[in-house]
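A look at the structure
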Amino acid sequence: MILARLAAADLRTSWRVWSGLCAVCAVAAVAGSVPGVLVVGGLRTPGVRGLALLSIAGTTAAFGLVAILVVVSAVARLTAGLLVRTYALWQLAGVTPGGVRVTVLVQTALVALLGAVVGVAATGVVVPATVGAALAGASGLDGVRVATSRLEAFSVIASTVVAAVVAGLAGSRRAAATPALLGAGPGTDGHRPPILPAAVAALLTALAASMLAGLPASVPHGAAPALLIGPGLVAAVAVLGRWVGTPVVRLWTAVVPANAWVSFGLARAAVRRAAARSDTTLAALLVAVALPTALVGGQRTAGTATGGDATGSGSAVTTVLVLSGPVLLAAVGAAATAAMASRDRAREREQLLAVGATPALPVGVAALEGVVLGVSGTLVAAATVALSVTAEWGVLAGQYPSTRPVLPVGLLLAIGGSCTALVVLTSIVPALPGWTRERNTPRD
């Protein structure tokens, strides 16, 4: 009974932290509804057109799964990281580490269920209409009707909750490992060897390499592997997380001397210190920026092998359906992670004001922190996509001399700039004058 009361009290008082996971799960349900309605439409449509819908649904689900696992797991870990003091108090109240772990997983399931229900309810009409409009422009798929169903809605909700709970396993272990006397034990911030992430990244890289090897033979038939090679590498880099993002942050921010710009120096230190929230935002930014850029870059690079569009007339429709959900999920995830840390940012604002800083300094530091994260995520995305299209060019050039690597710089900068602006906006709100007094009540 005490666990139920503690869980309910935590959800009530820390709702700003949990709201990030709720929002991400709602968008994940929206992303899952796209392949869901395609499957329903494919099963109801006879012949080749039904098989085409099921094929598009499979590709869309694969890309959505990458985004969901990366973003939701990162947000779940951040949620646990932001509530370590709460978990320490629970243990002082007599809750065992096992009880903490179970309670966190139950909370994760409840929040995910709420978000998934909201997401499915909000898209019951919008998603089928949007998918139908997109298919209307595809060759051979015009006139196909897609619709939702109760089974599809239930499947999307259940899948989202299961994905959130699985993604929250690492966060629950971290919560259970919190020492009762916070700071007296080894803590939960230690850097464990990246054995599992490295193994998963190696598996994804090997999968991308196998598709790369078969790319030349697939060009006459549409170069379908070009759609998946880049996103496979993006997923591999995203899984590695801090072991890629942290060096990038250190390298490019080192060009500004520590004493040359106080606000930038504080922002750089905040990004390095708050590793949990920084890693989460970087992972979401990488997926949001690199996933569409890698897919489009792969399409265009393969297209130069034959001097035309190697992906077929339906590629534009497929691209829109495949990317709409994952990119939206990653962008919302990046913004949510910045907003989830409102209590930490309010506390940082109070600390700066206490040492004599002007009210404008915390706002500037928060904005620059968002810029650092946005630029870092865009740089990692650019490097990953550049590696992908260069590898495709290297494999194709021997058999198709006209091939050239195509990096969609405009698309990369547009998405990177938009996501950076979104992160900056959600970062500065908690640092604005009056936020601490009006929003950060004693219950928070």
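Residues numbered from 1 in each chain as written. Predicted model: local features only at pLDDT ≥ 70, side-chain atom pairs only at ≥ 80, totals over all residues. Heavy atoms only, no water.

**What about the overall build of the chain?**
Scanning the chain for helices and strands turns up 19 helices and zero strands. In the chain, buried positions account for 52% of the 444 residues. Considering only intrachain contacts with a sequence separation of at least 6, the fraction spanning at least 24 residues in the chain is 84%. Per element, the accessible surface of the chain, about 19200 Å² overall, is 70% carbon and sulfur. (Helix = DSSP H or I, 4+ residues; strand = E, 2+ residues; numbered from the N terminus. Buried < 20%, exposed > 50% of the residue type's maximum accessible area, 1.4 Å probe, protein only. Contact = heavy atoms within 4.5 Å. Areas by Shrake-Rupley, 256 points an atom, 1.4 Å probe, with all protein chains shown as cover.)

**Quick look at the confidence of the model for the chain**
When pLDDT is averaged across the chain, the result is 83; 89% of the residues are at 70 or more. Taken element by element, the predicted model of the chain shows its lowest mean pLDDT in helix α19 (residues 435-439) (47) and its highest in helix α17 (residues 360-397) (93). This stretch, residues 183-190, has a pLDDT under 50; its non-local contacts, to residues over four places away or in other chains, come to seven contacts. Contacts from residues 436-444, a stretch scored under 50 in pLDDT, to residues over four places away or in other chains number 14 contacts. (pLDDT = per-residue confidence, 0-100.)

**Looking at the packing of helix α12 (residues 242-253) against α17**
Running from N to C, α12 and α17 cross one another at 115°; their axes reach a closest spacing of 10 Å. Judged on the interaxial angle alone, α17 and α12 are roughly perpendicular. Considering the relative orientation of α12 and α17, their crossing is right-handed. Across the interface between the two elements, Val244, Val248, Val249, Trp252 and Thr253 from α12 touch Val372, Val375, Ser376, Leu379 and Val380 from α17. Classifying every residue of the contact of α12 with α17 gives eight nonpolar, two polar and no charged. (Axes fitted to C-alpha atoms, helices over the stretch in contact; angles between N-to-C directions. Parallel < 35°, antiparallel > 145°, perpendicular 65-115°, else oblique. Left-handed = near helix turned anticlockwise from the far one by under 90°. Nonpolar A, V, L, I, M, F, W, Y, C, P; charged D, E, K, R; others polar.)

**Some details on the packing of aromatic side chains**
Evaluated as defined, the whole model comprises three aromatic pairs. With a centroid separation of 5.7 Å and an interplanar angle of 20°, the aromatic rings of Trp261 and Phe264 are classed as stacked. Counting every residue linked through ring pairs, the aromatic cluster contains Trp252, Trp261 and Phe264. (Phe/Tyr/Trp six-rings, centres within 6.5 Å; stacked < 30°, edge-to-face > 60°.)

**Description of the packing of helix α2 (residues 15-44) against helix α7 (residues 150-167)**
The relative placement of two packed helices comes down to the angle between their axes together with the axis-to-axis distance. Here α2 crosses α7 at 140°, and the two axes come no closer than 9 Å. The angle between α2 and α7 places the two elements in the oblique class. Judged by the sense of rotation from one axis to the other, the crossing of α2 with α7 is right-handed. In this structure, α2 contributes Cys25, Ala28, Ala29, Gly32, Ser33, Gly36, Val37 and Val40 to the contact, and α7 contributes Glu152, Val156, Thr160 and Ala164.

**Some details on the state of the cysteines**
Enumeration over the complete set of coordinates arrives at zero disulfides. Not part of a disulfide, Cys25 finds its nearest cysteine sulfur in Cys22, a span of 7.1 Å. (Disulfide = S-S within 2.5 Å.)

**Some points on the side chain of Thr79**
Inspection of the secondary structure assignment puts Thr79 in helix α3 (residues 47-82). Only 2.8 Å separates the side chain of Thr79 from the backbone oxygen of Val75, close enough to count as a polar contact. Leaving out residues up to four positions away in the same chain, Thr79 has contacts with Val17, Trp18, Leu21, Tyr87 and Met340. (Polar contact = N/O pair within 3.5 Å; in protein donor to acceptor, adjacent residues only side chain to side chain.)

**What to know about the nonpolar core**
Among the nonpolar cores identified, the biggest contains 83 residues, and Tyr87, Leu286 and Leu329 are the most heavily contacted of them. If sequence neighbours within four positions are ignored, Leu329 has contacts with Val24, Val27, Ala28, Ala67, Ile68 and Val71. If you look at the next biggest cluster of nonpolar residues, it comprises 14 residues, including Val34, Ile56, Val127 and Val144. (Core = buried A, V, L, I, M, F, W, Y, C linked by side-chain atoms within 4.5 Å.)

**With respect to a nonpolar patch on the surface**
Residues Val39, Leu43, Leu51 and Leu54 make up a contiguous nonpolar surface patch of about 370 Å² in total accessible area. Looking at the nonpolar patch, the elements that each hand over two or more residues are α2 and α3. Among the secondary structure elements, Leu51 is positioned in helix α3. (Patch = residues over 30% accessible without salt bridge, like charges linked within 9 Å, V, L, I, M, F, W, Y side chains within 5 Å. Salt bridge = Lys/Arg side-chain N within 4 Å of Asp/Glu carboxyl O.)

**Digging into the side chain of Ser263**
Inspection of the secondary structure puts Ser263 in helix α13 (residues 262-273). Judged by its relative accessible area of 14%, Ser263 falls in the buried class. Other than its neighbours up to four places away in sequence, Ser263 contacts Leu361, Val365 and Leu368.

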